[in-house]
Amino acid sequence: MKELITKEQYEYFEETFNKFNTTLLNQSDDDIEYIIFEDIIDNVVSFLHPIVIDKLLEEKYINKEVYDLCCDFRKQFLVLEEKSLRSATEIRKSKEWLDLIKLADEIKSKLWR
């Protein structure tokens, strides 16, 4: 299996926040559920992994503030994903999911373009 270079890892990392943000709430229920539980989960597990974000920080793709926010985001996402009922309705009503989406918006606003 080909190892991704840091630039490619950053692109997938950034894609996470381009898909998981406040605009997600405007999608259909099926799209929300697919994006979170089929698509974004893979990015969170792989491209927000501590080894990857350490590398992104080390190579200056992200700063320390974004690094710290991403550590919090990953931890919260994995907890919610594990305990959640996996429904768009729950996501739209849950304070925890809405807070996580706000955190994603904050991270996205701090990424270098």
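Preceding this paragraph is the structure being described.
The paragraphs below set out a description of the structure included in this document.

Rules used throughout
Residues numbered from 1 in each chain as written. Predicted model: local features only at pLDDT ≥ 70, side-chain atom pairs only at ≥ 80, totals over all residues. Heavy atoms only, no water. Helix = DSSP H or I, 4+ residues; strand = E, 2+ residues; numbered from the N terminus. Rg over C-alpha atoms; globule rule 2.2 N^0.38 Å. Buried < 20%, exposed > 50% of the residue type's maximum accessible area, 1.4 Å probe, protein only. Contact = heavy atoms within 4.5 Å. Polar contact = N/O pair within 3.5 Å; in protein donor to acceptor, adjacent residues only side chain to side chain. Axes fitted to C-alpha atoms, helices over the stretch in contact; angles between N-to-C directions. Parallel < 35°, antiparallel > 145°, perpendicular 65-115°, else oblique. Nonpolar A, V, L, I, M, F, W, Y, C, P; charged D, E, K, R; others polar.

## Focus: the overall build of the chain
Along its length, the chain carries six helices and zero strands. The helix and strand sequence of the chain, counted from the amino end, reads α-α-α-α-α-α. For a compact globule of 113 residues, the expected C-alpha radius of gyration is about 13 Å, and the chain comes in at 14 Å, within 12% of that figure. Taken over the C-alpha atoms alone, the chain extends approximately 40 × 30 × 25 Å along its principal axes. Within the chain, the proportion of its 113 residues that are buried is 39%.

## A look at the environment of N43
Checked against the element boundaries, N43 lands in helix α2 (residues 29-47). Distance in space between the C-alpha atoms of N43 and I32 is 15 Å, their sequence separation being eleven residues. In this structure N43 touches Y12, E15, T16 and L48, once residues within four positions along its chain are discounted. A polar contact is formed between the side chain of N43 and the side chain of E15, at a distance of 3.1 Å.

## Quick word on the environment of C70
Structurally, C70 is set in helix α4 (residues 64-83). According to the relative accessible area criterion, C70 is buried, its value standing at 0%. Separated by 33 residues in sequence, C70 and L103 have C-alpha atoms that sit 8.9 Å apart. If we skip the residues at most four places from it in the chain, C70 touches F13, F17, L48, I53 and I107.

## Observations regarding the packing of helix α3 (residues 50-58) against α4
Where α3 contacts α4, the two axes come as close as 10 Å, and the packing angle between them is 170°. With respect to α4, the element α3 is oriented roughly antiparallel. On α4, the residues touching P50, I53, D54 and L57 of α3 are K64, Y67, C70, C71 and R74. Classifying every residue of the contact of α3 with α4 by side-chain character gives six nonpolar, no polar and three charged.

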